[in-house]
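A look at the structure
Take a look at the letters that make up each chain.
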There are 2 protein chains.
Amino acid sequence: MSELKGACIFGQSGGPTSVINASAYGVIATALKNPNITRVLGAEHGIKGVLNDRLFDMGQEDPAELELLKYTPSSALGSCRYKMADPDVDDTDYKRILEIFKKYDVRYFFYNGGNDSMDTCNKISKYMQKVGYDCRVMGVPKTIDNDLFGTDHCPGFASAAKYIATSCMEVYQDARVYDTGMVCIMEIMGRHAGWLAGAAALATAYGAGPDLVYLPEVDFDMDKFLADVDRIYKEKGNCMVAVSEGIHYADGTFVSEAKTSATDGFGHAQLGGLAAHLASVVKEKTGAKVRGIELSLLQRCGAHLASETDIEESVMSGKAAVENAVAGITDKMVGFQCTRDNGKYVCKTELLNLTDVANTEKKVPLEWINKEHNGVEQPFIDYVLPLIQGEPNLPKVDSLPRFAKLKKVLVK
Amino acid sequence: MSELKGACIFGQSGGPTSVINASAYGVIATALKNPNITRVLGAEHGIKGVLNDRLFDMGQEDPAELELLKYTPSSALGSCRYKMADPDVDDTDYKRILEIFKKYDVRYFFYNGGNDSMDTCNKISKYMQKVGYDCRVMGVPKTIDNDLFGTDHCPGFASAAKYIATSCMEVYQDARVYDTGMVCIMEIMGRHAGWLAGAAALATAYGAGPDLVYLPEVDFDMDKFLADVDRIYKEKGNCMVAVSEGIHYADGTFVSEAKTSATDGFGHAQLGGLAAHLASVVKEKTGAKVRGIELSLLQRCGAHLASETDIEESVMSGKAAVENAVAGITDKMVGFQCTRDNGKYVCKTELLNLTDVANTEKKVPLEWINKEHNGVEQPFIDYVLPLIQGEPNLPKVDSLPRFAKLKKVLVK
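As the structure is a computational prediction, the values presented were derived from the model and not from experiment.

How each quantity is defined
- Residues numbered from 1 in each chain as written.
- Chains lettered and ligands numbered in written order.
- Predicted model: local features only at pLDDT ≥ 70, side-chain atom pairs only at ≥ 80, totals over all residues.
- Heavy atoms only, no water.
- Helix = DSSP H or I, 4+ residues; strand = E, 2+ residues; numbered from the N terminus.
- Rg over C-alpha atoms; globule rule 2.2 N^0.38 Å.
- Buried < 20%, exposed > 50% of the residue type's maximum accessible area, 1.4 Å probe, protein only.
- Lys, Arg positive; Asp, Glu negative; His and termini not counted.
- Charge placed at Lys NZ, Arg CZ, Asp CG, Glu CD.
- Contact = heavy atoms within 4.5 Å.
- Salt bridge = Lys/Arg side-chain N within 4 Å of Asp/Glu carboxyl O.
- Core = buried A, V, L, I, M, F, W, Y, C linked by side-chain atoms within 4.5 Å.
- Pairing = 2+ DSSP bridges.
- Axes fitted to C-alpha atoms, helices over the stretch in contact; angles between N-to-C directions.
- Least-squares fit on C-alpha atoms with pLDDT ≥ 70 in both.
- Right-handed = clockwise from strand over helix to strand, strands pointing away.
- Expected span 1.5 Å × (residues − 1).
- UniProt positions renumbered as here; feature names shortened; annotations may be inferred.
- Phe/Tyr/Trp six-rings, centres within 6.5 Å; stacked < 30°, edge-to-face > 60°.
- Lys NZ or Arg CZ within 6 Å of the ring centre and 35° of its normal.
- Polar contact = N/O pair within 3.5 Å; in protein donor to acceptor, adjacent residues only side chain to side chain.

Moving on to the overall build of chain A. When you go through chain A residue by residue, the secondary structure sums to 13 helices and 13 strands. Its C-alpha atoms give chain A a radius of gyration of 23 Å, within 12% of the compact-globule value 22 Å for 412 residues. Each principal axis of the C-alpha atoms in chain A carries an extent, and together these give about 70 × 50 × 40 Å. Within chain A, the fraction of its 412 residues that count as buried is 66%. Each charge sign in chain A was given a centre, from 45 positive and 55 negative side chains, and these centres are 5 Å apart.

Often the size quoted for an interface is simply the accessible area lost on bringing the parts together. Listed per partner, the contact involves 63 residues of chain A and 64 residues of chain B. There are 6 salt bridges connecting chain A and chain B. Its salt-bridge partner being aspartate 179 of chain A, residue lysine 48 of chain B comes within 3.0 Å of it at the nearest N-O pair. When residues of the side of chain A that touches chain B are traced back to their parent elements, those giving at least two are α6 (157-174), α9 (273-286), β9 (290-294), α10 (298-301), β12 (396-397) and β13 (400-401) of chain A.

One finds Val171 of chain A together with Val171 of chain B to be the most contacted residues of the largest nonpolar core, which totals 104 residues. Beyond its immediate sequence surroundings of up to four residues, valine 171 of chain B is in contact with Leu297, Leu298 and Cys301 of chain A together with Cys184, Met186, Met240 and Ile293 of chain B.

This part covers the sheet that holds strand β8 (residues 238-244) of chain B. All names here are of chain B. With parallel pairing, the 4 strands of this open sheet are ordered in space as β7-β8-β6-β9. Strands with a single pairing partner mark the edges of an open sheet, and in this sheet they are β7 (212-214) and β9 (290-294). This sheet shows a mean twist of 15 degrees between the axes of neighbouring strands, independent of strand direction. In the sheet, β7 pairs with β8 via 3 bridges, with the strands oriented parallel. Bridging across to β8, valine 213 finds its partner in alanine 242. Where helix α6 (residues 157-174) meets the sheet, it contacts β6 (182-188), β8 and β9, and its direction lies at approximately 165 degrees from that of β6.

Turning to the side chain of aspartate 57 of chain A, a few remarks are in order. Residues and elements named next belong to chain A. Among the structural elements, aspartate 57 can be located in strand β3 (residues 55-57). Salt bridges are absent for the buried aspartate 57, whose nearest opposite-charge side chain, arginine 39, sits at 4.2 Å. For aspartate 57, the contacting residues outside a window of four places in its chain are Arg39, Val40, Leu41, Val409 and Val411.

There are two copies of the chain, and a rotation about an axis plus a shift along that axis relates them. For the pair chain A and chain B, the superposition axis carries a translation of 0.0 Å, the fit reaches an RMSD of 0.0 Å, and the rotation angle comes to 180 degrees. What the rotation and shift describe, once combined, is the action of a two-fold rotation axis. Looking at the interface residues of chain A, 100% of them are also at the interface in chain B, so both copies use one shared face.

Residues and elements named next belong to chain A. Within strand β5 (residues 136-141), 6 of the 6 residues are buried, which leaves the element mostly enclosed by the surrounding structure. Taking every second residue as pointing to the same face, both faces of β5 are buried, with Arg136, Met138 and Val140 on one and Val137, Gly139 and Pro141 on the other. Between the parallel elements strand β4 (residues 106-113) and β5, the chain passes through helix α5 (residues 115-131) in a crossover that is right-handed. For β5 and strand β10 (residues 332-339), the ladder comprises 2 bridges, and the chain directions are parallel. Counted as the bridge partner of glycine 139 is methionine 333 from β10.

Looking now at helix α9 (residues 273-286) of chain B. Residue and element names in this part refer to chain B. Between its first and last C-alpha, α9 extends 20 Å over 14 residues, near the 20 Å set by a 1.5 Å rise per residue. Within α9, 10 of the 14 residues are buried, which leaves the element mostly enclosed by the surrounding structure. Those residues of α9 not exposed but buried are Leu274, Ala275, Ala276, His277, Leu278, Ala279, Ser280, Val281, Val282 and Thr286. With its phi angle positive at about 75 degrees, glycine 287 sits one or two positions after the end of α9.

Residue and element names in this part refer to chain A. Residues annotated in UniProt with the feature "binding site: substrate" (unreviewed entry) correspond here to Thr143, Ile144, Asp145, Met189, Gly190, Arg191 and Glu245. Relative to the assigned elements, isoleucine 144 resides in the loop between β5 and α6. A residue is classified by how much of its surface remains accessible, and isoleucine 144, at 6% relative accessible area, is buried. What isoleucine 144 contacts, discounting residues up to four positions off in sequence, is Thr17, Gly156, Phe157, Ala160, Met189, Leu196 and Arg300. Within the secondary structure layout, glycine 190 lies in the loop between β6 (182-188) and α7 (195-205). Those residues in contact with glycine 190 that lie beyond four places of it in its chain are Asp145, Pro216, Ser244, Glu245 and Gly246.

Residue and element names in this part refer to chain B. Pairing is mixed across the open sheet formed by 7 strands, whose spatial order is β3-β2-β1-β4-β5-β10-β11. The strands lining the two open edges of the sheet, one partner per strand, are β3 (55-57) and β11 (346-353). Averaged over neighbouring strand pairs, the angle between their axes works out to 30 degrees when direction is ignored. In terms of strand pairing, strand β1 (residues 6-12) meets strand β2 (residues 37-43) through 5 bridges, oriented parallel. Counted as the bridge partner of glycine 6 is isoleucine 37 from β2. Helix α1 (residues 20-33) contacts β1, β2, β4 (106-113) and β5 (136-141) of the sheet and is inclined by roughly 175 degrees relative to β1. This element, helix α11 (residues 308-326), spans β2, β4, β5, β10 (332-339) and β11 of the sheet and lies at about 170 degrees to β5.

Below, the discussion takes up the packing of aromatic side chains. Residue and element names in this part refer to chain A. Under the counting rule described, the total for this entry stands at 30 aromatic pairs over all chains. When the centroid spacing of 6.4 Å and the interplanar angle of 10 degrees are considered together, the rings of tyrosine 108 and phenylalanine 110 count as stacked. An identical accessibility class is assigned to tyrosine 108 and phenylalanine 110; each is buried. Between the aromatic rings of tryptophan 195 and tryptophan 368, the centroid separation amounts to 6.2 Å while the plane-to-plane angle is 85 degrees, which identifies the pairing as edge-to-face. Of this pair, tryptophan 195 sits in helix α7 while tryptophan 368 sits in the loop between α12 (354-357) and α13 (378-384); the two residues are 173 residues apart in sequence, bridging distant segments of the chain. Neither tryptophan 195 nor tryptophan 368 differs from the other in exposure class; each is buried. Ring pairing ties together the aromatic residues Phe157, Trp195, Trp368, Phe380 and Tyr383, which thus form one cluster. Over the ring of tyrosine 172 we find arginine 176, and its NZ or CZ is 3.7 Å from the ring centre.

This brings us to the pattern of salt bridges. Residues and elements named next belong to chain A. Under the defined criterion, the tally for this structure stands at 44 salt bridges over all chains. With a closest N to O distance of 2.7 Å, glutamate 44 and arginine 54 form a salt bridge. Of this pair, glutamate 44 sits in the loop between β2 (37-43) and α2 (47-51) while arginine 54 sits in the loop between α2 and β3, placing them 10 residues apart in sequence. Overall, glutamate 44 belongs to the buried group, its relative accessible area being 18%. The class for arginine 54 is partly exposed, based on a relative accessible area of 34%. Between lysine 234 and aspartate 230 there is a salt bridge, and its shortest N-O distance comes to 2.8 Å. With lysine 234 and aspartate 230 both in helix α8 (residues 222-236) and 4 residues apart, the pair spans about one turn of that helix. Aspartate 230 sits in the buried class, given a relative accessible area of 18%. Shared partners join several salt bridges into a network, and the residues in it are Lys83, Asp119 and Lys123.

What follows is about the environment of aspartate 93 of chain A. Residues and elements named next belong to chain A. Position of aspartate 93 relative to the elements: it lies in helix α4 (residues 92-103). The class for aspartate 93 is buried, based on a relative accessible area of 18%. For the pair aspartate 93 and valine 50, spaced 43 residues apart in sequence, the C-alpha to C-alpha distance is 9.6 Å. If near-sequence neighbours (up to four positions away) are discounted, aspartate 93 is found in contact with Leu51, Tyr82 and Met84. A polar contact of 2.6 Å, which involves the side chain of aspartate 93, links it to the side chain of tyrosine 82.

Set out below in structure tokens:
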């Protein structure tokens, strides 16, 4: 392919993670050094920053602050949840993006996100091809949900998994100190895929985790759940449960959205979410002391528990996106191809077609979920464990995190 | 004082912390080495273990496992919440305790807990004096609430404070990624004292924390709160709030227990706790996207974020209890006397009368709370900051915590 010189735009989209900024660092630091990339622009709030002509000149940032991005959770440039129209129906946004690309001579576009973001990335890629504007478009993966198609796993997942497993191990210690017993319900993110809730089983594999794990890949049965909890509570005097926020009944209704149940009977929306709802149902049924704990945002921004493997792979994915684009590749997402033979984990980048990745969800294989539908099998543990390895050397000031402080100088 | 030889009993009581087992280590390791202490017994579930004659022989534990207690959250021997009767009204329990003390020739009793536990400790101490049974009784402080009277601070508080400050700093990054704005409400433990909620202001002092902090030392005014949030949300586009679970209206009603409010109007108990309640009120009032996050048990068992200072001081307090008791002291609680002159922090143990400590709560001084009653002043920060310093070298296996595994061999 011919050499292509020009500016690049990098943007972040969707829910943030502990390491999405590590991917940002990989893209930005690599792009800043590359002679074919004349200028590195950061989009404020993802594609919205392009549409609104709000672009930061990343070349003006202090390199030491940029490096701190590796340890700074959440989307440093701002994120968005913006659904692009079908360009055949409404091409307004696409024309605007083209206008901005031309204005800054943008020849490289790197978009960092999950399923929806890869859809955006794919649509922009195809539009630029259609109108014949020479621009190389690369997706950089990100999602704690781990549900991007084609890649072994997604940057961000492992750090959230490590946060979840560690927190479960700690709560396990706490939730059984009294001789009076307790049922503890941990609510974990994951609307459609149960990768994160499954990661709670790592805690169990290391001796201190949930007795029961419920994933959204299979239907939830409240009666069976209550029987499971009751049995374990009677047996052990305690019971710890991990549930994915996306668990649903056989008719597809989310358990979290169930307005009325025989056991709470108010007929009103539950304010406190799934954990609080299940806690009240279990309390009613078993009479046990129950605590519902929602890991909420904590699990996706807990950078202090990030996996060093996850950080390094995130940087690597950003770097690979830039290097491949400069080498002539376009219309791809960077993914990971991994081997775990004989306990030795090796991870390499690979390139996946954006068309294949966009809007396809990867769920936990059913054979990794146990027959009783209340736990995961050993292959799940073997899959996740290498991903969470390694402790980053976190920069701190006075024993508190020292996050990157970007100047965010807008391009005039 | 005369030399006293005999067994010791150590027990843990009340809500656990990240470092109560570090105090246990201080007591047990010191006692095991002391020639005057013939046997080291651990009570299962605190004083209940004494009453039920459920005592572990700590001498049978592997020393390496005992040392891991320094990094193991929660009460390794089990805890209890058991209110001792007034011995003048009902001395059944006291007679039973005396019987057990005589059975094992117990001459030292170390009790590790907060306010209620010091009341237990005090009552036992006074009873043994009254009946003329020679036994030295020492309280070892513990409480994330930091509300024990007389001591500069309490073991357990600093690690919880560090967890809260770090988590707030991380959530701060996450809760402002979108251009649509958000109000985020962090619910923090502390029923009567606001030390923990105040610690969230450490995050603010380091550039990424709550805009508003509400403590239970002052009355909560819902209208003023809503006006505060609305003003900051309009000004900044985001607002982060830290609230103590114990905030209450002027009439003493806990905000968390308020069944009905003009704004949610269901007339039913809130399932989701204070954060969910405030989130729904703020949402109704401002129309903003709101998220309530309850730090729940996580904040008191988050040993992976423990303060090394807290761990070392916890060990020191346990050690001091044993050493002073063997030297002839009784009827005291170990406390801390600290200086912070010119930024140099020095902490020494001191001995406080159990009578003075039992049942007296230490609250945040009103002059450390700002005039608007929605934040803390600099002296609060200067007080807390030295306590959270230092990172422990946490033992891990496969990047997950390696907690102590005790054999817990019951004495026959």
